[in-house]
Structures are given as C-alpha cells and as structure tokens.
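# Chain and residue survey
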Amino acid sequence: MLKMNEILDEKDRRLRQVSKEVIFPLTKEDQERINKMIEYLTASQIEEEAEKYDLRPGMGMAAIQLGVAKRYFVVVHEVEDGVFDNYVLINPKIISNSEEKIYVELGEGCLSVNREVEGIVPRYARVTVEGYNELGQKIRVRAREELAIAFQHEIDHLDGILFTDYIDPKNPFKDQELYRAI
Ligand code: NI
C-alpha cells in the first residue's frame, strides 16, 4: 500500500512541472504504479481501510504526485456505497466542455494539499475527455458533476497546476453567483 509520505506535498516544486506524454507500451513500473494508485484510492474511500492504513481519502491521483512527470492519472469514483468505477487516463485531453460551471461547495481537496482550503474553484459541469488506456487504446469518457471536476483537477496536475492556484485568499468566494454549487 502506498503511504501518505510517498505523496508529494504542495510545497514540493516537482508538482509544478509540466508532465511529459507517455510513449506506449507502458513500462512495467508505470503499470505497477497505476495498480498501486487504484489500490490506494479505493482503500482510502473505505472507512475501515483508511483507518487501518492511515490513509487520507482521495478519489484521484496523478503520477506527478508520486514524483513521476508522466501524463497519466487515476480516478476511483464511488458510484454507490462501496461500489467504485476506476478510470485510468493516459495522455488525456478535454475535447469538449459545457458552458455551465460548477464548484465543490465544501471546497476541493487534494492528496498533496494537507489542509482545509476554502474558496471557489470553477470547473466545467460536464467534460468529454479523450486519452489512452493502459494498453494504448484510445478511449473517450464523458463525465459530469463530481467526476468531471476530478478529471479537470487531475489534468491540471499534469500541467503543474494545483486547485489552490484558482483561489484568491483575499477573496476566496469571488464570483460565486456565476457558478452552481455541488
Ligand atoms: Ni490533487
């Protein structure tokens, strides 16, 4: 199981790199890393497991958060109690998005940001993301609401962007009325 201290903290400059495109076939190391990311994200969202292994809950992780500057991420989305959908997206791109923007009312979170950050991070309510799976096959995923936010958050990581970058600490709820809270 990945440990919390293997995940880079927001102060670590490596998180600010722009990650590089993955060339297929995937290396054994990357495949193993992806498996560990899925394992961590799943366990972290199951209360007993999270307690047992001392995991902070998270639904997404990008390779750069483990210090690997390659363009891929994993999202484990709990669709109903204890039921998870796994998404592995390699070289992802947003190919279309809604006009409508939303934000997480309780504040967005990140496994690299170990503190509560209040404020609005505007995200598209719906996105279509194109990328590749672990076998190098092209895939296209439509996402809305929470899952759409997760994809945008993780794609930002690949470009060295953290969710806190969007928040002005002097005015964290700026333009709130323009977006829908979820
Ligand atoms: Ni994050």
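Please read these numbers as outputs of a predicted model, since none were measured by experiment. (Residues numbered from 1 in each chain as written. Predicted model: local features only at pLDDT ≥ 70, side-chain atom pairs only at ≥ 80, totals over all residues. Heavy atoms only, no water.)

Time to look at the coordination of the nickel ion. Ligation of the nickel ion by protein atoms is provided by C110 (SG), H153 (NE2) and H157 (NE2), these donors lying 2.1 to 2.2 Å from the ion. Among the residues examined, C110 registers a relative accessible area of 9% and is labelled buried. Assessed through its relative accessible area of 5%, H153 is described here as buried. (Donors = N, O, S within 2.8 Å, 3.2 Å for Na, K, Ca; no water. Buried < 20%, exposed > 50% of the residue type's maximum accessible area, 1.4 Å probe, protein only.)

Here the focus is the nonpolar core. If you look at the biggest cluster of nonpolar residues, it comprises 23 residues, and the most contacted ones within it are I34, Y40, L41, M61, Y72, V74 and I90. For this core, the elements supplying multiple residues, two or more each, are α1 (28-44), β2 (72-80) and β3 (83-97). Among the elements that make up this core, the one with the highest residue count is α1 (6 residues). With near-sequence residues (within four places) excluded, Y72 lies in contact with V22, D30, R33, I34, M37, A62, A63, L89, I90 and L158. In terms of nonpolar packing, the next biggest core, distinct from the first, is built from 20 residues, L8, A62, F73 and Y87 among them. (Core = buried A, V, L, I, M, F, W, Y, C linked by side-chain atoms within 4.5 Å. Helix = DSSP H or I, 4+ residues; strand = E, 2+ residues; numbered from the N terminus. Contact = heavy atoms within 4.5 Å.)

This next bit is on the layout of surface pockets. When its volume is computed, the largest pocket comes out at roughly 700 Å³. In terms of residue count, the dominant contributor to the lining of the largest pocket is helix α3 (residues 145-158) (6 residues). Class assignment of the residues belonging to the lining of the largest pocket gives a composition of 12 nonpolar, 9 polar and 6 charged. (1 Å grid on protein atoms, 1.4 Å probe; cavity = no way out; pocket = protein on both sides within 12 Å on 5 of 7 lines; lining within 4 Å. Points joined across faces, edges and corners; volume = space filled by probe spheres on them. Nonpolar A, V, L, I, M, F, W, Y, C, P; charged D, E, K, R; others polar.)

The subject of this paragraph is the pattern of salt bridges. What the rule picks out here adds up to 17 salt bridges. For D30, the salt bridge goes to R33, with nearest N and O atoms at 2.6 Å. One end of the pair, D30, and the other, R33, are both in helix α1, 3 residues apart, so they sit about a helical turn from each other. Like D30, the residue R33 is buried in the burial classification. K70 is the partner of D30 in a salt bridge, and the nearest nitrogen-oxygen pair spans 2.7 Å. Of this pair, D30 sits in helix α1 while K70 is found in the loop between β1 (60-62) and β2, placing the two residues 40 residues apart along the sequence. Overall, D30 belongs to the buried group, its relative accessible area being 2%. Each of E100, R126, E145 and R180 takes part in a single network of salt bridges with overlapping partners. (Salt bridge = Lys/Arg side-chain N within 4 Å of Asp/Glu carboxyl O.)

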